[in-house]
Amino acid sequence: MENEKRDFDREAAAWDGNAARVKLGKDIARTISEQVELTREMDVLDFGCGTGLLSFQIQPHVRSITGVDSSQGMLDIFNRKAAELRVKNTKPILFDLDSGETLKGNYDLVVSNMTLHHVKKIEPLLDQLYAVTAPSGHLCISDLDPENGQFHEDDTGVFHNGFDRSTLRKMFTEAGFEDVRDIDAAEFVKPGTDGKVRHFSVFLMIGRKN
């Protein structure tokens, strides 16, 4: 797999045109809300928010949601959506993990959808996410179960072909999270790299900060 960065700026304009991707955002938001009670007193961080497909599903139910992403193009779409919806409780932040930046803030809920497989070193990121999770807050990460490289047509910027859940659970625990559990969250249906329609399973990993 390549180590180059994927040009998400170039893909941003057409990102929401993928119906399966839009459906996944809704499915993950619903699964999160079934596992963690969303309240108007919650401040939420969406790591790797992209155009906000997950953020804007959660936004109506919480006090604020901060979306961080390394792509300004994606954040431009995020901003446009906020303006169109006339919402005031969203905040986009340009953040590049690879440049050594450190996350700031204190959040009752941290979420991330389909971003982890684009992160080369998982443990340092989990340490950062733990640091910005408030006491009694939760981290919810959704991503692919192990797959054989059929999901991405282009491996640029892809460092993991899915995740073994038991390995990721251990990483959550080592980062300091408690009550770590995983559940089946969604299914992503799309043509694989061989052109055949394939069903990719997506899990949700949940941890709580004591």
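Rules and cut-offs
- Residues numbered from 1 in each chain as written.
- Predicted model: local features only at pLDDT ≥ 70, side-chain atom pairs only at ≥ 80, totals over all residues.
- Heavy atoms only, no water.
- Helix = DSSP H or I, 4+ residues; strand = E, 2+ residues; numbered from the N terminus.
- Polar contact = N/O pair within 3.5 Å; in protein donor to acceptor, adjacent residues only side chain to side chain.
- Contact = heavy atoms within 4.5 Å.
- Buried < 20%, exposed > 50% of the residue type's maximum accessible area, 1.4 Å probe, protein only.
- Axes fitted to C-alpha atoms, helices over the stretch in contact; angles between N-to-C directions.
- Parallel < 35°, antiparallel > 145°, perpendicular 65-115°, else oblique.
- Left-handed = near helix turned anticlockwise from the far one by under 90°.
- Nonpolar A, V, L, I, M, F, W, Y, C, P; charged D, E, K, R; others polar.

**As for the side chain of aspartate 43**
Then, in step 1: Structurally, aspartate 43 can be placed in strand E1 (residues 43–47).
Then, in step 2: A polar contact is formed between the side chain of aspartate 43 and the side chain of serine 64, at a distance of 2.6 Å.
Then, in step 3: Filtering out sequence-adjacent residues up to four positions away, aspartate 43 remains in contact with Arg63, Ser64, Asn106, Tyr107, Asp108 and Leu109.

**Concerning the environment of lysine 104**
Then, in step 1: Looking at where lysine 104 falls in the secondary structure, it is placed in the loop between strand E3 (90–94) and strand E4 (107–113).
Then, in step 2: Overall, lysine 104 belongs to the exposed group, its relative accessible area being 63%.
Then, in step 3: Here threonine 102 takes part through its backbone oxygen, which lies 3.3 Å from a polar atom of the side chain of lysine 104.

**Topic: the environment of asparagine 113**
Then, in step 1: With respect to the helices, strands and loops of the structure, asparagine 113 is situated in strand E4.
Then, in step 2: Sequence-wise, asparagine 113 and glycine 50 are 63 residues apart; in three dimensions their C-alpha atoms are separated by 9.4 Å.
Then, in step 3: Excluding residues within four positions of it along the chain, asparagine 113 makes contact with Leu24, Gly25, Ile28, Phe47, Leu54 and Ser142.
Then, in step 4: In terms of polar contacts, asparagine 113 uses its side chain to reach the side chain of serine 142, at 2.8 Å.

**Topic: the packing of helix H5 (residues 122–131) against helix H6 (residues 165–175)**
Two numbers describe a pair of packed helices, the interaxial angle and the distance between the axes.
Then, in step 1: Packing of H5 against H6 leaves a shortest axis separation of 9 Å and a crossing angle of 50 degrees. Comparing their axes, H6 and H5 come out oblique. The crossing of H5 and H6 is right-handed. For the pair formed by H5 and H6, the contact residues are Ile122, Glu123, Leu126, Asp127 and Tyr130 on the first element and Leu168, Met171, Phe172 and Ala175 on the second.
Then, in step 2: The class makeup of the residues in the contact of H5 with H6 is seven nonpolar, no polar and two charged.

**Side note on unusual backbone geometry**
Then, in step 1: A positive phi angle is found at serine 136, which is not glycine, with a value near 70 degrees.
Then, in step 2: Topologically, serine 136 is positioned in strand E5 (residues 133–144).
Then, in step 3: Phi angles above zero are rare outside glycine, and aspartate 179 is one such case at about 50 degrees.
Then, in step 4: Using a relative accessible area of 49% as the deciding quantity, one classes aspartate 179 as partly exposed.

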